[in-house]
Amino acid sequence: MAQPCSGLKVLVVGAGFAGLTCAIECRKRGAETILFEGNTSRRQLGDIISFGSNSGRIFRSWPRVEEKLDPVCHHSDGLEFRAFDDDFLCRQIWDSEADWGKRFNGHRGEIHGVVWDHALSVGVDIRLGSKVQEYFETDTEAGVVVNGEKIVGDVVFAGDGVRSLARTIVLGFEDKPKSSGYAVYRAWMGTEGLKANPLTAWLADPNIDHHVGWLGPDVHFLVATLQKGTACSWVLTHKDEADVEESWSAPGYVEEAVKAVQDWAPIVHAIIRATPEKDLVDWKLVFRDPLPTWISPKRRIALMGDAAHPFLPTSIQGASQSMEDGVTAAVCLELAGKANVADALRAYEKIRYPRVLATQRTGVTNREAWHKADFDQVKKNPESVKLPRQDWVLNFDASGHAYEVYKETVESLRADPGWMPDSRL
Ligand SMILES: Cc1cc2nc3c(=O)[nH]c(=O)nc-3n(C[C@H](O)[C@H](O)[C@H](O)COP(=O)(O)OP(=O)(O)OC[C@H]3O[C@@H](n4cnc5c(N)ncnc54)[C@H](O)[C@@H]3O)c2cc1C
């Protein structure tokens, strides 16, 4: 029996979570799907990455993926908050959101490996060492140039990350990152160093995963343990005006990280000093203004994931929103069919844009709630540091929503052919 997207040839650029999700969802619907990845091998780079219930729902819709993710992911029922002097503030239990579905937090490389394997198992044609150099489109097709070869399809989805070439050459926007004024030291390490120090040994508990956040003026330090007490990840977000280079592989220095929390409790210093320097990254956080559009003039090429909308880590939604993009794009393509690819891309943009914009803003509001807090007040009202857990962000079914609103979205766009996203909303 013909599947809804059979006959469609979909080209996807970038094998991050946006590209992989889009490719899996298009392939599942029967499209011939080619995924181009510039790297020559699948790389394990990164450290902790968080997927909320909204993207957890997508993982769980893929056969056997949840059971592969469970052993590598963090499992705790809440997040304990302490002040910079180690005074206990409160514990935020995730029970209020139990009905929203499971979250998955773990090492980016390990989670990426599971999703990658799933993409291969459903028949996505992943081409490594395929750095896309050019994009082109006509009214009836779109394509890419890879290693000098021109490859043509019905549509191109570009999930090529924060330094997107697609954004620059398809949409004509100069990429101008601006400093956010913050940077993050990030580490993923074994727990041998923690076990050796009585101050920190409790963190390496083989029976319980710990999740603790120490908060202070303009700095926060989050620690998570997982994999039966053998792995620990921490992130330290601090003021930094130095430059606007962002890199997941820039080296970090232990003593510089300690300086960012100079007057803090000894346990914080002990955790940082237990970190092998090779496992420490210094990642500068940048802002990019929202793009005026995510789709190309002939509506055959669309941006997705970080290429369209980078997130601050304090939104805890970057990877989740990228996956929602991939699912939504596939549903729109299915409902539009081969003859109406332009409708699919416009609907994808209109469905996703306002939701992404609103979610991006939570990155700033969440950070400010911690960093700008008056700590005398926090000690009087410790519950005030709890993370907002928005139902509209987390209790969301991207696929169901796209099926529900596709028809009315296309009708509204046909009635208003000049519609463009409004980033002021
Ligand atoms: C190496 C790396 C490590 C990361 N580590 C973390 C982490 O530890 N924690 C966290 O929260 N987030 C991390 N992120 C970011 C996080 O994965 C993304 O913000 C989020 O998942 C959105 O993913 P994306 O698919 O839009 O982009 P990305 O994950 O950035 O994926 C983009 C992909 O496109 C490929 N690509 C780029 N240009 C081309 C081209 N011209 N042709 C073909 N392929 C191309 C890149 O090689 C990359 O694989 C990391 C990203 C990267 C690239």
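Residues numbered from 1 in each chain as written. Predicted model: local features only at pLDDT ≥ 70, side-chain atom pairs only at ≥ 80, totals over all residues. Heavy atoms only, no water.

1. Remarks on the overall build of the protein chain
Put simply, the rule reads: Working definition: helices are DSSP H or I runs of at least four residues, strands are E runs of at least two. Numbering for both runs from the N terminus. Each radius of gyration is computed over the set of C-alpha atoms, and the globule rule expresses the reference value as 2.2 Å times the number of residues to the power 0.38. Accessible area is worked out with a 1.4 Å probe on protein chains only. A residue is then buried under 20% of its type maximum, exposed over 50%, and partly exposed in between. Residue contacts are defined here by distance: any two heavy atoms, one from each residue, within 4.5 Å place the two residues in contact. For accessible areas, the Shrake-Rupley method is used with a probe of radius 1.4 Å. Any residue's cover is judged against the shown protein chains and nothing else. Under the convention used here, Asp and Glu are negative, Lys and Arg are positive, and both His and the chain ends fall outside the count. Charge positions are represented by NZ for Lys, CZ for Arg, CG for Asp and CD for Glu.
A count of helical and extended segments in the protein chain gives 13 helices and 17 strands. Taking 22 Å as the expected radius of gyration for a compact globule of 425 residues, we find that the protein chain reaches 22 Å, a close match to that expectation. In terms of principal-axis extent, the alpha carbons of the protein chain reach across some 65 × 40 × 40 Å. Among the 425 residues that make up the protein chain, the fraction classed as buried is 56%. If you take every contact in the protein chain between residues at least 6 apart in sequence, the share linking residues at least 24 apart comes to 75%. Accessible surface for the protein chain amounts to roughly 17700 Å². Of this, 51% is attributable to carbon and sulfur atoms. If the 49 positive side-chain charges of the protein chain are averaged to one point and the 60 negative ones to another, these points end up 3 Å apart.

2. Digging into the sheet that holds strand β9 (residues 142-146)
Spelled out, the test is: Pairing between strands is defined by DSSP: at least two bridges between the two strands are required. Angles shown run from 0 to 180 degrees and are taken between the N-to-C directions of axes, each axis being a line fitted to C-alpha atoms and, for helices, limited to the stretch in contact.
If you walk across this open sheet you meet the three strands as β8-β9-β10, and the pairing is antiparallel. The open sheet has two free edges, formed respectively by β8 (132-137) and β10 (149-153), since each of these has just one partner strand. Between one strand axis and the next, the sheet turns through 20° on average, direction left out of account. Relative to β9, β8 is paired through five bridges, and the arrangement is antiparallel. Paired with Phe 136 across the bridge in β9 is Gly 143.

3. A look at the pairing of β10
On a regular strand, one side chain projects to one face of the sheet and the next to the other, so that they alternate. Sheet topology note: the β9/β10 ladder contains five bridges and is antiparallel. Each bridged residue has a counterpart across the sheet, and for Val 146 the counterpart in β10 is Glu 149. Hairpin connection from β9 to β10: two residues lie between these consecutive antiparallel strands, with Asn 147 at a positive phi of about 50°.

4. Quick notes on the packing of aromatic side chains
Two descriptors summarise a pair of aromatic rings, namely the distance from one centre to the other and the angle between the planes of the rings. For clarity, the threshold we go by: Within 6.5 Å between ring centres, the rings of Phe, Tyr and Trp (the latter by its six-membered ring) count as paired, and their orientation is classed by plane angle as stacked under 30 degrees, edge-to-face over 60, tilted in between. Only when the NZ of Lys or the CZ of Arg is both within 6 Å of the ring centre and within 35 degrees of the ring normal is a charge said to sit over the ring.
Applying the stated criterion across every chain yields a total of 10 aromatic pairs. Between Trp 294 and Tyr 348, the aromatic rings sit 5.9 Å apart at their centres with planes inclined by 55°, giving tilted as the arrangement. Taken together, the positions of Trp 294 in the loop between β16 (280-287) and β17 (301-303) and Tyr 348 in helix α10 (residues 341-371) put the pair 54 residues apart, joining distant regions of the chain. The class for Tyr 348 is buried, based on a relative accessible area of 0%. Chaining the aromatic ring pairs together yields one cluster made of Phe 17, Phe 51, Phe 59, Trp 62 and Phe 104. Between Lys 150 and the ring centre of Phe 136, over which it is positioned, the NZ or CZ distance is 4.7 Å. Stacked on the ring of Phe 84, the Lys or Arg Lys 379 has its end atom at 5.9 Å from the ring centre.

5. A closer look at the nonpolar core
In plain terms, the rule: Here, nonpolar core means buried Ala, Val, Leu, Ile, Met, Phe, Trp, Tyr and Cys residues that are tied together by side-chain atoms lying within 4.5 Å of each other.
By size, the foremost hydrophobic cluster in this structure holds 81 residues, and its most contacted members are Phe 51, Phe 59, Tyr 135, Val 144, Phe 157 and Leu 333. Not counting residues up to four positions away in its chain, the partners in contact with Leu 333 are Cys 5, Leu 8, Val 10, Cys 26, Val 155, Phe 157, Val 341 and Ala 344. By size, the runner-up hydrophobic cluster in this structure holds 25 residues, among which are Leu 194, Val 254, Val 261 and Leu 280.

6. So, the site of the ligand
Spelled out, the test is: Only heavy atoms are used to decide nearness, and a residue is near a molecule or strand if one of them lies within 4 Å of it. Under this definition, polar contacts are N or O atom pairs within 3.5 Å; protein pairs additionally need one hydrogen-donor-capable and one acceptor-capable atom, and for neighbouring residues in sequence, both atoms have to be side-chain atoms. Residues are grouped as follows: Ala, Val, Leu, Ile, Met, Phe, Trp, Tyr, Cys and Pro are nonpolar; Asp, Glu, Lys and Arg are charged; every other residue, Gly included, is polar.
Taken together, 28 residues sit near the ligand, with Glu 37, Asp 47, Arg 108, Val 132 and Asp 306 positioned nearest. Between an oxygen atom of the ligand and a main-chain N or O atom of Phe 17, the distance comes to 3.1 Å. The backbone of Ala 18 places a nitrogen or oxygen atom 3.0 Å from an oxygen atom of the ligand. Residues belonging to the shell around the ligand are distributed by class as follows: 11 nonpolar, 10 polar and seven charged.

7. Looking at the domain arrangement of the protein chain
Worth spelling out the cut-off: Domain borders in the structure are assigned automatically or taken from a domain database. Joining two parts hides part of their accessible area as seen by a 1.4 Å probe, and the buried area is that hidden amount summed over both. For salt bridges, the criterion is a side-chain nitrogen of Lys or Arg within 4 Å of an Asp or Glu carboxyl oxygen.
Taken as a whole, the protein chain is organised into domain 1 (9-77 + 102-176 + 289-373 + 386-415) and domain 2 (178-287). Just the C-alpha atoms count here: the centres of domain 1 and domain 2 sit 28 Å apart. Interface of domain 1 and domain 2: buried area, both sides summed, is about 2300 Å²; carbon and sulfur atoms make up 56% of it. On the domain 1 side of the contact with domain 2, Asp 47, Trp 370 and His 371 bury the most area, a combined 26% of that side's loss. Counting every contact that joins domain 1 to domain 2 gives one salt bridge. Between Arg 186 and Asp 47 there is a salt bridge, with the nearest N and O atoms lying 2.7 Å from each other. Applying the counting rule to domain 1 against domain 2 returns six residue pairs in polar contact (both at pLDDT 80 or more).

8. Observations regarding the side chain of Ser 296
Its place among the elements puts Ser 296 in the loop between β16 and β17. Polar contacts involving the side chain of Ser 296 include one to the side chain of Glu 137, which spans 2.7 Å. Those residues in contact with Ser 296 that lie beyond four places of it in its chain are Glu 137, Val 170, Leu 171 and Ile 301.

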